[in-house]
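Residues per chain are reported as follows:
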Amino acid sequence: MIIVLSPLMQQQIIDFLEKQSAPAFHFEKKKGIELYFTTDAQDTAAAAATAKQRIKAEPTFAPLLIKVRTEEYL
């Protein structure tokens with residue numbers, strides 16, 4: 001499970017990540033500012049890093065403060 005934290009442009013981030021492949025991301029649920037995605041990657045930590053890199057590389061999302069992690073804080 002990949003968790004993207006962003007209070008802004010949530011639907012655009014969901015749409016953007018769901019269009020990605022290698023690894024692919026599938027939106028599961030939203031909880032507050034947390035967007036939960038499943039991935040087909042074996043290494044979820046690497047998939048989280050890839051997701052963040054791809055989001056930040058997109059000019060539309062570059063100014064956003066986002067955090068991407070692999071597990072929920074308790």
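To be clear, the structure that these remarks concern was listed above.
The sections below set out a description of the structure shown in this document.

About the cut-offs
Residues numbered from 1 in each chain as written. Predicted model: local features only at pLDDT ≥ 70, side-chain atom pairs only at ≥ 80, totals over all residues. Heavy atoms only, no water. Core = buried A, V, L, I, M, F, W, Y, C linked by side-chain atoms within 4.5 Å. Buried < 20%, exposed > 50% of the residue type's maximum accessible area, 1.4 Å probe, protein only. Helix = DSSP H or I, 4+ residues; strand = E, 2+ residues; numbered from the N terminus. Contact = heavy atoms within 4.5 Å. Salt bridge = Lys/Arg side-chain N within 4 Å of Asp/Glu carboxyl O. Polar contact = N/O pair within 3.5 Å; in protein donor to acceptor, adjacent residues only side chain to side chain.

To continue, consider the nonpolar core. Grouped together as the largest cluster of nonpolar side chains are 17 residues, with contacts concentrated most on Ile2, Val4, Ile13, Leu17, Phe37 and Ile55. Of all the elements in the fold, those that place two or more residues in this core are strand E1 (2-5), helix H1 (10-18), strand E3 (34-39) and helix H2 (44-57). Once you skip the residues sitting within four places of it in the chain, Phe37 turns out to touch Met1, Ile2, Val4, Ile14, Leu17, Phe25, His26, Phe27 and Glu28.

Tallied over the full model, the rule gives one salt bridge. Among the salt bridges present, the one from Glu34 reaches Arg69, with a minimum N-O distance of 2.8 Å. With a gap of 35 residues between them, Glu34 in strand E3 and Arg69 in strand E4 (residues 67-69) connect regions that are remote in the sequence. Of the two residues, Glu34 and Arg69, both sit in the buried class.

What follows covers the side chain of Arg69. A relative accessible area of 9% means that Arg69 is categorised as buried. Among the polar contacts listed, one links the side chain of Arg69 to the side chain of Glu34, at a separation of 2.8 Å. Residues in contact with Arg69, not counting those within four places in the same chain, are Met1, Ile2, Ile3, Leu5, Glu34 and Ala48.

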